[in-house]
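What the coordinates show
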Amino acid sequence: MDKVQDNRAWFLIIPVFLIVAFSAVIPLMTVVNYSVQEIFGPGQTFFVGTEWFEVVLADERLHDALIRQIIYSLAVLAIEIPLGILIALGMPGGRSAKTSLTLVLLALPLLIPFNVVGTIWQIFGRGDIGLLGATFRAIGIDYNYTNNSLDAWLTVLVMDVWHWTSLVALLCYAGLQSIPPAFYQAAKIDGASKWAVFRYIQLPKMRGVLIIAVLLRFMDSFMIYTEPFVLTGGGPGNSTTFLSQYLTQMAVGQFDIGKAAAFSIVYFLIVLLFSFIFYTIITRTGEGEKK
Amino acid sequence: MTLTLEGVAKRVGAEQHLHPLALELQPGSFNVLLGRTLAGKTTLMRLMAGLDAPSAGRVLENGKNVTGASVRHRDVAMVYQQFINYPAMTVYENIASPLRRQGKDKAEIDAKVRRTAAMLRIDPYLERLPAELSGGQQQRCAIARALVKGAGLLLLDEPLVNLDYKLREELRAELRDIFADGKTTVVYATTEPQEALILGGNVTVLHEGRMLQTGPTSDVFHAPVSLECAAVFSDPPMNVVDAILTNDRVALSDGTSLPLSAHDRNLPAGPCKVGIRANHLTVLRRNERLVPIKGRVELSEISGSETFVHLRHGGTTLIAREDGVHSHPIGSEIQVYADPDRIFVFSTAGQLVAAPNWRRGALRNIA
């Protein structure tokens, strides 16, 4: 078969090619470039090979940050996913004023910028003027996010739950709304329990949106930066110093460009790896039900 | 089971979805609910199933009043337009699910599932998920799930609508045999007169929330009590022409005059409406008694291996049937033949007065 060559087609992909190049490929390659150099100043760079990677991988503080990060992200998923599903199940269906109101209320936290969320909670949790802090103090709970590590960690977690559970709930709600009412009728006629309806109809039908919710919430929480930065700047001690915090300290605070670049690449690969693992697990669970 | 509806009606807000009706379904009978969209078929089925409570009247199962009882305490199974199966369960588990809920032992479940699957010819796919089956197989799985339950009342709400033509024909042909076990009372809703005729049994004609007629399918087809009923139970729609009856002839408003036949002789003279089904208005002249009508072709539509010719004649549009596939140029002249022995005579108010095959007393006139 004769294939007609038409090179003009290349012109059509040039815009996309340029956008991707400038927004993703070139910056990433710059980072790769930095990661293999020792940089003293403009024009004073030396090739060091994989040395930075070796330093980064052996960095104890990075290991601590990574463990803190993993625990944090898992906690976020463990709370936000079930909570989001529960909220979605409890939401009113159909087209009514009640539905619209619920949707608007749920969407509100999603509209608030990250640093504002941080500031809100920073003030909210203060012992002297914050509603939450003052209430805790009044009922005798010792809560102080500025010098208690656990309190600070929990505050960042609650902040994220407050900010992002809505997203999970809205996604699940969309999934639930796509189930034809006949499914529920059929289950009713079958005499299926509420649990059976959830387990065998709602959950499988929500699988698609749940994959998206888990991936989004995992990646986002794994890259959390603004909230702890605004709240305590990563403290007290290192208790809320997550990977991003540590990376920023290294790159902007100490101006350790080479090391920070190597760190970035490792960071990127970790996120990629975890996302891949989650994706595989969730899609496999679905297939497993075939057997 | 014997299902009895006594004066059952459904009103939602100010809207009367179903006007009061009485109906008795015999054990093991096959009952078709025939009506167009929004006729109230699904509403009626939901009342029968107990998914909704009627706003008036009583529902009895074997003489026991179950009007307010929840669907969980009813002995029903249902199949829907959409293919409803548990998405994450295999076909086997789907079919087994009602039995498991009944607490049957393993061997019995296995035997029943395999027997039912074999009956619906989905036994090779027991280990698959519903999403991995074709539409027809998915619906077979849903029917198997409903059958295996062994309920006294089986409701099928337009089960074949979402299937393609070929699959629909195939499954429809099997359905009668599958349901002929003699115990289950089957109710089958459809919009298609053809389907009702093929399935047989009894038919209940619904129109805009009212029951027009009920009885053995062929009786209702041969003697629709009113023009409304004839319109629902006729595809293409019955030709209806205003006419005047005299002693020996009936004069149609388009100028055609038909001789009277055995069934419409001795009727009081005066104005009436005459109904002629498309298959009694033919292009082929089958015998000498047929009366020619000349008209101009407005449209000819091909359905299967027949052609329906719409022709304009004397101010009315008639639909005639022609065997085989033909195309008639629009506007061309055509001669069709009306069979005077097969016409229906209705009163001017639309009530049936005479029909060629009217077995008097065989019908219950509702309207």
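A brief structural summary. All residue numbers here refer to positions counted from 1 along the written sequence of the relevant chain. Here every chain gets a letter starting at A, and every ligand a number starting at 1, in the order they are written. Note on the predicted model: pLDDT of at least 70 is required for a residue's local features to be given, and 80 or more for side-chain atom pairs to be given and counted; whole-chain, interface and lining totals, by contrast, use all residues. Water and hydrogen atoms play no part in the side-chain values, which are based on all heavy atoms of the structure.

1. Structural notes on the interface of chain B and chain A
One widely used convention gives an interface's size as the accessible area the parts lose upon coming together. We call two residues in contact whenever any of their non-hydrogen atoms come within 4.5 Å of each other. With 25 residues of chain B in contact, the opposing surface of chain A contributes 17 residues. A simple way to read buried area is as the amount of 1.4 Å-probe accessible surface that goes missing from two parts once joined, with both sides added. Counting each side, the surface lost to burial between chain B and chain A is near 2,000 Å², with a carbon and sulfur contribution of 61%. For this analysis, a salt bridge means a side-chain nitrogen from Lys or Arg found within 4 Å of a carboxyl oxygen belonging to Asp or Glu. Inspection of the chain B/chain A interface yields 1 salt bridge. In this structure, Asp 190 of chain A engages Arg 145 of chain B in a salt bridge whose closest nitrogen and oxygen atoms are separated by 2.8 Å. Mapped by element, the contributors of at least two residues to the side of chain B that touches chain A are helix H1 (41-49), strand E6 (76-79) and helix H2 (91-102) of chain B. Sorting elements by how many residues they give to the side of chain B that touches chain A places E6 of chain B first, with 3 residues. Here a helix means four or more residues in a row that DSSP labels H or I, a strand means two or more in a row labelled E, and each is numbered from the N terminus.

2. Thoughts on the sheet that holds strand E13 (residues 257-259) of chain B
Residue and element names in this part refer to chain B. Between any two strands, at least two bridges found by DSSP are needed for them to pair. Reading across the sheet, the 6 strands line up as E13-E12-E11-E14-E20-E21 and stay open at both edges, with antiparallel pairing between neighbours. Two strands in the sheet have a free side with no partner beyond their single neighbour: E13 and strand E21 (352-354). Neighbouring strand axes in the sheet, compared pairwise and without regard to direction, differ in orientation by 40° on average. Every axis in this analysis is a line fitted to C-alpha atoms, fitted for helices over the stretch in contact. Angles between the N-to-C directions lie between 0 and 180 degrees.

3. Describing H1 of chain B
Residue and element names in this part refer to chain B. For H1, a buried count of 8 out of 9 residues is recorded, marking the element as mostly surrounded by other parts of the structure. Accessible area is worked out with a 1.4 Å probe on protein chains only. A residue is then buried under 20% of its type maximum, exposed over 50%, and partly exposed in between. Those residues of H1 lying buried are Lys 41, Thr 43, Leu 44, Met 45, Arg 46, Leu 47, Met 48 and Ala 49. Positive phi appears at Gly 50, one or two residues downstream of H1, with a value of about 95°.

4. Regarding the sheet that holds strand E2 (residues 15-25) of chain B
All names here are of chain B. Sheet architecture is open: 4 strands sit in the order E2-E1-E4-E5, paired in antiparallel fashion. Of all strands in the sheet, those bounded by a partner on one side alone are E2 and strand E5 (64-65). When strand E4 (residues 56-61) meets E5, the two strands line up antiparallel, connected through 2 bridges. Residue pairing across strands places Glu 61 opposite Lys 64, the latter belonging to E5.

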